[in-house]
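An overview of the molecular structure
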Amino acid sequence: MGSAKEIIKMNRDEVATAIEEFPVAILPLGATEQHGHHMPLGVDIYLAEAMSRRLSERTGALMLPAMPFGYSWVWRDIPGTVSIQQHHVESIIKDVAHSVSRYGVKLLVLVNGHDSNKTSMKYATRELMDELDMPVIYMFYPNLEQIRSEICESPTWHGMVHACEFETSLMLAVKPELVNMEKAVKEYPEKPSLYGKSTISLGDLSKSGIYGDATLATKEKGEEMLEKYLDLMETLVAEAYDEVK
C-alpha cells in the first residue's frame, strides 16, 4: 500500500506522472453542518477525506481536495452550517469532471460523506454521461446498512445515519481528538406523520442533533467498518477502471 496522492500536496509534474501511471481521480464530497454537541461540523468532510485518502493509498488514484459544502437546508439555522443549493452541488461535480477529463483522467470516483449529496451525484453523473467520454462512479458507504448492522449495536432512526453510533464510531477511528464522548447521547425523536411529505425537517425534530445512539460508538467499530467499506470501494474502482483502460 502506497502513500495517498493528494494533488494539493503535489506539483504539476507529479500529477502528470500519476495520471500516466493510473488515470483515476477521486473527489471527496462533504458538508458543513451540525453533528450533535459531541462532534464538529466537519464530520462529513473528515469522513469523505479519510475514505478517499485510504482509497488513494490502495489504488494509486489521485485524490482531489474535498468539497466542503453540500445541501444542508435542514440545519440552516444552526450556527456554523453552510448550505448551498442542490443544483450547485451538481454543477460543481460536473465542473470538476470536465476539468480532470481535459488532461487525461479516464475515470472519476465520487466518495461521499453526506447523505443529501446522493441526489446531486446521481443526476450530475447522468448528465456527464452525455457530455464526456469519461465515466463517473459514485459511492456512499457501499452496502451501508448490511455492514453497519453487522458491527453497530443500535438501530438507525428510520434508516438514517446522523451523528449516531455509526458516524461517531467512524470519527473515533479517523479524528478521535475531535470527538467528546462525554457529550454523546441517545435520541430517537418521534417521526411526525407529515415528515417526508412536508417541510418538516430533521432540524425540527432532534434536540441534540443526534438521530440514534452515539453512546455506543467505539474506535474499534469505526476501523472495522472502514475496512469493510474500503474493500468494497477498491473492488468497485477496479471494476470500473477495467471497462475504460
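Right above here is the structure, for reference.
First, a word on what this report is: a plain description of the structure on this page.

Reading the values: rules and limits
- Residues numbered from 1 in each chain as written.
- Predicted model: local features only at pLDDT ≥ 70, side-chain atom pairs only at ≥ 80, totals over all residues.
- Heavy atoms only, no water.
- Salt bridge = Lys/Arg side-chain N within 4 Å of Asp/Glu carboxyl O.
- Helix = DSSP H or I, 4+ residues; strand = E, 2+ residues; numbered from the N terminus.
- Buried < 20%, exposed > 50% of the residue type's maximum accessible area, 1.4 Å probe, protein only.
- Disulfide = S-S within 2.5 Å.
- Pairing = 2+ DSSP bridges.
- Contact = heavy atoms within 4.5 Å.
- Axes fitted to C-alpha atoms, helices over the stretch in contact; angles between N-to-C directions.
- Polar contact = N/O pair within 3.5 Å; in protein donor to acceptor, adjacent residues only side chain to side chain.
- Expected span 1.5 Å × (residues − 1).
- Arc of directions from axis to C-beta.

This model, assessed by the stated rule, comprises 15 salt bridges. Between Glu-227 and Arg-54 there is a salt bridge, with the nearest N and O atoms lying 3.7 Å from each other. Within this pair, whereas Glu-227 is found in helix 7 (residues 219–242), its partner Arg-54 is found in helix 2 (residues 43–59), the two being separated by 173 residues in sequence. With a relative accessible area of 35%, Glu-227 lands in the partly exposed category. Here Asp-115 ties to Lys-118 by a salt bridge, and the two come within 3.1 Å at their closest N and O atoms. The class of Lys-118 is partly exposed, set by a relative accessible area of 37%.

Before going further, it helps to examine the state of the cysteines. A full pass over the atoms with the stated rule returns zero disulfides. In this structure Cys-152 is a free cysteine whose sulfur lies 7.1 Å from that of Cys-164, the closest cysteine sulfur available. Judged by relative accessible area, which is 8%, Cys-152 ranks as buried.

The strand order 1-3-2-4-5 describes an open sheet built from five strands, whose pairing is parallel. The strands lining the two open edges of the sheet, one partner per strand, are strand 1 (5–6) and strand 5 (136–139). Across the face of the sheet, helix 2 comes into contact with strand 1, strand 2 (24–29), strand 3 (62–63), strand 4 (107–112) and strand 5 while running at roughly 165 degrees to strand 2. Across the sheet, helix 7 is in contact with strand 2, strand 4 and strand 5; its angle to strand 5 comes to roughly 165 degrees.

For the rest of this paragraph, the subject is the side chain of Thr-125. If you trace the backbone, Thr-125 turns up in helix 4 (residues 117–129). Only 2.9 Å separates the side chain of Thr-125 from the backbone oxygen of Met-121, close enough to count as a polar contact. Once you skip the residues sitting within four places of it in the chain, Thr-125 turns out to touch Leu-110, Val-136 and Tyr-138.

What follows concerns helix 3 (residues 86–101). Here helix 3 is 16 residues long and its end C-alpha atoms lie 23 Å apart, about the 22 Å a rise of 1.5 Å per residue gives. Looking only at helix 3, the buried set comprises Val-89, Glu-90, Ile-93, Lys-94, Val-96, Ala-97 and Val-100. When helix 3 is viewed along its axis, its buried side chains cluster within an angular range of 160 degrees and face the same direction. In this structure, the buried side of helix 3 is in contact with strand 2, strand 4, helix 4 and strand 5.

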